[in-house]
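Structural description and commentary
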Amino acid sequence: MKIYSTRRSESRITDAPRHAARFHKRHQTQGVLHMVRRTRVKQEGIVSVIAVILLAVFSGISVAMVTMTNSSVRQAANHSQIQSARFQADSGIGICLRNIALARISPNTTDQEMLDELAAQIAPLFGSITGESSVSYDGTVITIPRVSLEGQNRYVTAAMTLGRPGTIKLTVTGYDGAVSRRAVMHCYPKQVRSRVFD
């Protein structure tokens with residue numbers, strides 16, 4: 001009997017770890033499931049946080065791109081206006097030089113007499129270009145009023161004064177809207193042959 005009881009107790013002893021192992025395994029499996037559920041909840045929270053961060057990053061990038069595009073468009077428009085104003089000034093120089101070349105100044109005149117003769121001869125030449133506005137002369141400055149070349153916002157004004165000795169200083173300002181560019185040139189008289197012999 002002792003042997004039987006020993007066996008029985010042995011079997012109980014040997015069964016105890018099995019029973020404990022089953023119990024432990026069952027609770028461990030439930031714990032793992034519980035941990036998996038808890039981890040999924042945590043992961044879902046992390047995923048939403050990451051999604052919000054990525055959304056904020058991409059929104060910031062898109063706002064920066066739109067701002068850069070708007071800035072580039074403004075820069076292009078400014079550059080276009082500056083170029084247009086410069087071209088207006090160049091065109092004004094061409095018109096003024098053509099009309100100055102048509103004027104005939106008497107030789108051996110003083111600088112003031114040269115400016116007086118130029119003012120008298122140049123006023124009618126600009127009359128057809130300026131329309132109603134007339135060229136004005138106050139004794140020191142010949143002022144050519146607004147000459148529209150390409151629409152109302154694009155125009156040219158010019159002034160002629162005495163420059164260095166023996167020269168006339170021509171200052172032309174071209175406008176495109178609020179942007180203006182100025183060109184300055186010194187002109188000197190040159191003797192030419194009479195037109196009768198041309």
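What counts as what
Residues numbered from 1 in each chain as written. Predicted model: local features only at pLDDT ≥ 70, side-chain atom pairs only at ≥ 80, totals over all residues. Heavy atoms only, no water. Salt bridge = Lys/Arg side-chain N within 4 Å of Asp/Glu carboxyl O. Helix = DSSP H or I, 4+ residues; strand = E, 2+ residues; numbered from the N terminus. Buried < 20%, exposed > 50% of the residue type's maximum accessible area, 1.4 Å probe, protein only. Phe/Tyr/Trp six-rings, centres within 6.5 Å; stacked < 30°, edge-to-face > 60°. Lys NZ or Arg CZ within 6 Å of the ring centre and 35° of its normal. Disulfide = S-S within 2.5 Å. Core = buried A, V, L, I, M, F, W, Y, C linked by side-chain atoms within 4.5 Å. Pairing = 2+ DSSP bridges. 1 Å grid on protein atoms, 1.4 Å probe; cavity = no way out; pocket = protein on both sides within 12 Å on 5 of 7 lines; lining within 4 Å. Points joined across faces, edges and corners; volume = space filled by probe spheres on them. Nonpolar A, V, L, I, M, F, W, Y, C, P; charged D, E, K, R; others polar.

1. Brief notes about the pattern of salt bridges
- In the structure shown here, the tally under the stated rule is one salt bridge.
- Linking Arg-154 and Asp-176 is a salt bridge whose minimum nitrogen-to-oxygen distance equals 3.5 Å. Note that Arg-154 is positioned in strand 3 (residues 154–162) and Asp-176 in strand 4 (residues 168–176), a separation of 22 residues in sequence.
- Exposure remark for Asp-176: the relative accessible area of 7% places this residue in the buried category.

2. Brief notes about the packing of aromatic side chains
- Under the defined criterion, the tally for this structure stands at one aromatic pair.
- When the ring of Tyr-155 is compared with that of Tyr-175, the centres are 4.7 Å apart and the planes differ by 20°; the resulting orientation is stacked. With Tyr-155 in strand 3 and Tyr-175 in strand 4, the pair connects residues that are 20 residues apart, well separated along the chain.
- Note on Tyr-155: relative accessible area 16%, which makes it buried.
- Over the ring of Tyr-155 we find Arg-146, and its NZ or CZ is 3.8 Å from the ring centre.

3. Observations regarding the state of the cysteines
- Following the criterion strictly, the structure yields zero disulfides and no others.
- Of all cysteine sulfurs, the one in Cys-96 lies closest to Cys-187, which takes part in no disulfide; the gap is 8.8 Å.
- Relative accessible area serves as the criterion here: at 14%, Cys-187 is assigned to the buried category.

4. Overview of the nonpolar core
- Judged by nonpolar contacts, the single largest core of 23 residues is most densely connected at Cys-96, Leu-118, Ile-142, Ile-144, Met-160 and Leu-170.
- If you tally residues by element for this core, the top one is helix 2 (residues 111–130), at six residues.

5. Notes on the pairing of strand 5 (residues 179–187)
- By the bridge criterion, nine bridges tie strand 4 to strand 5 in an arrangement that is antiparallel. Across the sheet, residue Asp-176 finds its bridge partner in strand 5, namely Val-179.
- What sits between the antiparallel neighbours strand 4 and strand 5 is a turn of two residues, in which Gly-177 has the positive phi angle 65°.

6. Comments concerning empty space enclosed by the protein
- Per the counting criterion, the structure on display carries one cavity of 30 Å³ or more.
- In this structure, the largest cavity encloses a volume near 50 Å³.
- Taken together, Gly-92, Ile-95, Cys-96, Phe-126, Ile-144, Val-147, Val-156 and Ala-158 make up the full set of residues lining the largest cavity.
- When contributions to the lining of the largest cavity are tallied by element, the ones reaching two or more residues are helix 1 (2–102), strand 2 (142–148) and strand 3.
- Looking at the lining of the largest cavity element by element, the count peaks at three residues for helix 1.
- Tallied by class, residues from the lining of the largest cavity come to seven nonpolar, one polar and no charged.

7. Section: the sheet that holds strand 4
- Taken in spatial order, the five strands of this open sheet run 1-2-3-4-5, and their pairing is antiparallel. Strands with a single pairing partner mark the edges of an open sheet, and in this sheet they are strand 1 (136–137) and strand 5.
- Two strands pair when backbone bridges link them, and strand 2 and strand 3 are joined in this way by five bridges, in the antiparallel orientation. Within the sheet, the bridge partner assigned to Thr-143 lies in strand 3 and is Ala-159.

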